[in-house]
Amino acid sequence: MKVFEKAPAKINVSLDVLHKREDGFHEVEMVMAMVDLADRLEMEELPRDTIMISSQAGYIPLDEKNLAFKAAKLLKERCGVKQGVYIHLDKHIPVAAGLAGGSSDAAAALRGLNRLWKLDLPLSELQELGAELGSDVPYCIAGGTVLATGRGERLRALPPMPSCWVVIAKPPINVSTADVYGRLKADQICDHPPTKQMIDGLVHKDWEVICRSLGNVLEEVTFGLHPEVRRIKETMLRLGADGALMSGSGPTVFALAAKSSRARRIYNGLKGFCKEVYVVRILT
Ligand code: ATP
């Protein structure tokens, strides 16, 4: 038997850090949504008690370090599953980009294997397991537009982002999430994003308010390390984006556009100097 799962990328339309906690984690407040740029996982039963993983992407670990592998191992151990599984990962989400590709793969593996192994665990239990793999995994299990607090694992569903175009540009730079958080001086942030205003915008489906409320406190850290990320954002706005923001710790920047003609113009304008550019839809 075989099952398939899609693993969509996430974007942060708002990312705030409230303070650094005593356990070393940052207390965050993030509004997240999903886009239809997705990896695809194929999971097939193996008669042997083993986990195998393959992918067409040569630039991710294909052993026990892969997050989909880790998810399968965790579920197998916790539920006492004796069958094995072969996971094929068709990778499309840029890696280490701030789009939670690995977390979404882990979430898709948990959802898919829950079906393949007929475990029937409720989403809430999958989310608890997912939290052991990474802060973004619980969100990626259920998706939608949410407010995430705590380390990012406490979720509150919000009204969906209005249907729109999202132009995603990933410059060829490696950014370490741990390094960006490490450089952030959480007690010195003066420009917090207006999270409440963003939520009001979503509640009232007010596109202008949503675009005006985009904000990410990690931008200044990543912009300081890599000025080209700021230039991509500025270019998107110059090309007519309704709003633009860096996602997560970067280096990916996304532009929002209500009109497809605008999205196309931004795409064409960026394509010349950024190799990885995508035009996708928000998942509502
Ligand atoms: P986040 O937004 O959650 O910080 P990200 O988009 O910045 O995540 P990922 O694409 O998830 O980053 O990759 C982070 C690291 O995880 C990479 O260095 C990669 O080698 C490793 N990794 C492990 N499993 C996977 C996977 N299935 N897909 C992508 N990367 C993976």
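Just so it is clear, the model here is predicted, and its values are computed rather than measured. (Residues numbered from 1 in each chain as written. Predicted model: local features only at pLDDT ≥ 70, side-chain atom pairs only at ≥ 80, totals over all residues. Heavy atoms only, no water.)

### Points about the overall build of the chain
Alright, step 1. Tallying secondary structure elements over the chain gives 10 helices and 11 strands in all.
Alright, step 2. C-alpha atoms of the chain, sized along the principal axes, occupy 55 × 45 × 35 Å.
Alright, step 3. Burial analysis of the chain (284 residues in total) assigns 56% to the buried set.
Alright, step 4. Considering only contacts within the chain whose residues lie at least 6 apart along the sequence, 75% involve residues at least 24 apart.
Alright, step 5. Taken as two groups, the 37 positive and 35 negative side-chain charges of the chain have centres that lie 5 Å from each other. (Helix = DSSP H or I, 4+ residues; strand = E, 2+ residues; numbered from the N terminus. Buried < 20%, exposed > 50% of the residue type's maximum accessible area, 1.4 Å probe, protein only. Contact = heavy atoms within 4.5 Å. Lys, Arg positive; Asp, Glu negative; His and termini not counted. Charge placed at Lys NZ, Arg CZ, Asp CG, Glu CD.)

### Digging into the site of the ligand
Alright, step 1. The local shell around the ligand holds 20 residues, among which Leu67, Ala96, Ala100, Gly102 and Asp105 are the closest.
Alright, step 2. At a separation of 3.0 Å, an oxygen atom of the ligand approaches a polar backbone atom of Gly98.
Alright, step 3. Between the ligand and Thr177 there is a distance of 3.3 Å, counted from an oxygen atom to a side-chain nitrogen or oxygen.
Alright, step 4. Protein chains bury 78% of the 620 Å² of accessible surface belonging to the ligand in isolation.
Alright, step 5. No other element matches the 4 residues that helix α2 (residues 101-116) contributes to the shell around the ligand.
Alright, step 6. The residue inventory of the shell around the ligand, partitioned by class, reads 9 nonpolar, 6 polar and 5 charged. (Near = heavy atom within 4 Å. Polar contact = N/O pair within 3.5 Å; in protein donor to acceptor, adjacent residues only side chain to side chain. Areas by Shrake-Rupley, 256 points an atom, 1.4 Å probe, with all protein chains shown as cover. Nonpolar A, V, L, I, M, F, W, Y, C, P; charged D, E, K, R; others polar.)

### Points about α2
Every α-helical turn comprises 3.6 residues, leaving residues that sit three or four positions apart pointing alike.
Alright, step 1. An ideal rise of 1.5 Å per residue puts 22 Å on 16 residues; α2 measures up with 22 Å between its terminal C-alpha atoms.
Alright, step 2. The buried fraction of α2 amounts to 14 of the 16 residues, a majority that puts the element mostly inside the structure.
Alright, step 3. Within two residues after α2, Lys118 carries a phi angle of roughly 50°, on the positive side. (Expected span 1.5 Å × (residues − 1).)

### Quick word on the pairing of strand β10 (residues 253-257)
Alright, step 1. Of all 5 residues that make up β10, 5 are buried, and the element is covered over most of its length.
Alright, step 2. The two faces of β10 match: Val253, Ala255 and Ala257 on one face and Phe254 and Leu256 on the other face are all buried.
Alright, step 3. Linking strand β9 (residues 243-246) to β10, which pair antiparallel, is a turn of 6 residues; within it Gly248 sits at a positive phi near 55°. (Pairing = 2+ DSSP bridges.)

### Thoughts on the side chain of Lys10
Alright, step 1. Mapped onto the secondary structure, Lys10 falls in strand β1 (residues 2-20).
Alright, step 2. Of note is the side chain of Lys10, whose polar atom sits 3.1 Å from the side chain of Asn12.
Alright, step 3. Setting aside residues up to four positions removed in sequence, Lys10 forms contacts with Met32, Ala33, Met34, Gly98, Leu99, Ala100, Asp136, Tyr139, Ser247 and Gly248.

### Side note on the environment of Asn216
Alright, step 1. Structurally, Asn216 is set in strand β8 (residues 215-216).
Alright, step 2. The buried category is assigned to Asn216, whose relative accessible area is 7%.
Alright, step 3. C-alpha of Asn216 to C-alpha of Ser247: the two residues are 31 residues apart in sequence and 7.6 Å apart in space.
Alright, step 4. If sequence neighbours within four positions are ignored, Asn216 has contacts with Leu15, Leu245, Met246, Ser247 and Gly248.
Alright, step 5. A polar side-chain atom of Asn216 sits 2.9 Å from the main-chain carbonyl oxygen of Gly248.

### Topic: the packing of aromatic side chains
Alright, step 1. All chains considered together, the criterion is met by 0 aromatic pairs.
Alright, step 2. The side chain of Arg151 reaches across the aromatic face of Phe25, ending 4.2 Å from its centre.
Alright, step 3. Against the face of Trp165 rests Arg281, its NZ or CZ located 4.3 Å from the ring centre. (Phe/Tyr/Trp six-rings, centres within 6.5 Å; stacked < 30°, edge-to-face > 60°. Lys NZ or Arg CZ within 6 Å of the ring centre and 35° of its normal.)

### Here's the deal with the domain arrangement of the chain
Alright, step 1. The domain boundaries assigned to the chain delineate domain 1 (2-157) and domain 2 (165-283).
Alright, step 2. Contact residues are listed per partner, giving 30 residues for domain 1 and 34 residues for domain 2.
Alright, step 3. Where domain 1 abuts domain 2, roughly 2,500 Å² becomes buried across the two surfaces, and 65% of that area is made up of carbon and sulfur atoms.
Alright, step 4. Contact with domain 2 buries area across many residues of domain 1, yet Val13, Leu15 and Asp36 alone supply 21% of it, more than any other trio.
Alright, step 5. Counting every contact that joins domain 1 to domain 2 gives 0 salt bridges.
Alright, step 6. Linking domain 1 with domain 2 are 11 residue pairs in polar contact (both at pLDDT 80 or more), by the criterion used here.
Alright, step 7. Residue assignment for the side of domain 1 that touches domain 2 shows that the elements contributing at least two residues are β1 and β2 (26-46). (Domains from an automatic or database assignment. Buried area = accessible area lost by both parts, 1.4 Å probe. Salt bridge = Lys/Arg side-chain N within 4 Å of Asp/Glu carboxyl O.)

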